[in-house]
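# Descriptive structure summary
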Amino acid sequence: MKLAAVAAAVVLAASACGNAGEDDGTAASGNEYEVVDNPEFPEGSRMAEIADDGSIKIGVKFDQPGIGFKGAGQENPTGIDPEVGKIIAGQLGLSPDDIEWVETISDNREPFLQNGTVDLVIASYSITDERRQIVGQAGPYYVTGQSLLVAKDDDSINGPDDLDGKKVCSVKGSTSIKTVEEEYGAQPAGFDTYSECVDQLLNGSVDAVTTDGAILLGYAAENPDRLKVVGEPFSEERYGIGYSPDAPEMCQFLDDSLEKAFSDGDFEKAFDATLGKSGNDVPSPPELDACDA
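My aim in this report is to walk through the structure given alongside it, one point at a time. In this text the structure is predicted, and so the values were computed from the model without any measurement. (Residues numbered from 1 in each chain as written. Predicted model: local features only at pLDDT ≥ 70, side-chain atom pairs only at ≥ 80, totals over all residues. Heavy atoms only, no water.)

Glancing now at the pairing of strand β12 (residues 237–243). With 7 of 7 residues buried, β12 is to be regarded as a mostly interior element. Across 4 bridges, the pairing between strand β5 (residues 120–126) and β12 is antiparallel. The partner of V121 across the bridge, within β12, is G242. As paired strands, strand β6 (residues 136–144) and β12 are joined by 6 bridges and run antiparallel to one another. Looking across to β12, one finds that A138 is bridged to I241. (Buried < 20%, exposed > 50% of the residue type's maximum accessible area, 1.4 Å probe, protein only. Helix = DSSP H or I, 4+ residues; strand = E, 2+ residues; numbered from the N terminus. Pairing = 2+ DSSP bridges.)

So this is what it looks like as C-alpha cells:
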C-alpha cells in the first residue's frame, strides 16, 4: 500500500501542475465503459432498485481540478471521480446520460447518503473507521496523501511539525483538518470549499491550507507567484465510494465492480484520460478492503 500511495502522490502532483481549474480537456475523457445489458441482482437489493429506476444520483466535488471539477460552461463534472462513477453506473446497466451529478462538499457527504439525496458519493472520500460507523464505504480505488499550501514568501512552515499555533484552513468535516489540529496543534479554520480556504490564505487570514497534495498543487499552479506546496505528504488518504448504511449489499457489488475495472483496463482508461494526462503511468491498484459478512 505504501508503494501505491507514493505512486499516486507523484502522479497527482504532476497532473495538478497543469492549467488547474480550466476546462481544457485534461479532465474530460469521452470514454465509453461497459454498460451491462439487463444486469441481474438479488430481488429487493439496492442495486436492483437503481437498475429498475434507470437512473442514479452520484455526489462528486465540483471544485477539485483533475478529481471532480465543473467550471463555467461545463455541462457535466470531469475528473477521475466522475469517471469511476460512470464505470459503476455501467455495471448497473446505466449509461452516463442516466447519471444525475450532485455537487457534494466534504461536510455533507454523510448526510447526503443518510437521507437519500444521492445513491453514491465519489468525492475524494477518504475511508475512515469513524465514517464507517455512519455510512458504508467500499474501496479504496485510489491512494494519495495530505500536504500543505502556504504563501510563496512564507518560510516559517516547511512541514506539519511547524503548524503548532498556526491557523490552518481546510473544509469542514474533512479528515485533513482533524489531523492538523489533533496531531500537530494547529488552530483549525473550517470552510465549505477549498477555494474559500485558498482565498483566506491569499488575503492573509490563515497561515496554511491543508488537504490532499493533488488538490493543493492545482491551486498553486493557478497562482505560482503567491502560493507554494511545502514538505512531503504526511498521511495516507484512501479514496473510497460511499453508499447508504441501509444498503450493505452495495459493498460487494462496488468492490467487484472496482476489481473488474482494475483487471479489464477501464480504470486505466479513466486514469489516462484525467490524472494521467501528466504522462505518468497508472499506479498499481490498491488492495480493496473486505466487506463485512
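What follows concerns the state of the cysteines. Chemically, a disulfide is nothing more than a covalent bond linking the sulfur atoms of two cysteines. Enumeration according to the criterion identifies 2 disulfides in this entry. One disulfide in the model links C169 with C197; its S-S distance is 2.1 Å. Its S-S torsion of about -70° marks the bond between C169 and C197 as left-handed, since a negative value means left-handed. Here C169, found in strand β8 (residues 167–171), pairs with C197, found in helix α7 (residues 194–202); they are 28 residues apart in sequence, far enough to count as distant. You can call C169 buried: its relative accessible area is 0%. Through a disulfide, C251 is tied to C291; the S-S separation comes to 2.0 Å. Residues C251 and C291 share a disulfide whose torsion about the S-S bond is about -85°; that sign makes it left-handed. Of this pair, C251 sits in helix α9 (residues 250–264) while C291 sits in the segment after α10 (266–273), placing them 40 residues apart in sequence. (Disulfide = S-S within 2.5 Å.)

Before going further, it helps to spend a moment on the environment of L254. Assignment of secondary structure puts L254 in helix α9. C-alpha of L254 to C-alpha of G240: the two residues are 14 residues apart in sequence and 9.8 Å apart in space. Ignoring any residue separated from it by four or fewer positions in sequence, one finds L254 in contact with I88, L120, A138, I241 and Y243. (Contact = heavy atoms within 4.5 Å.)

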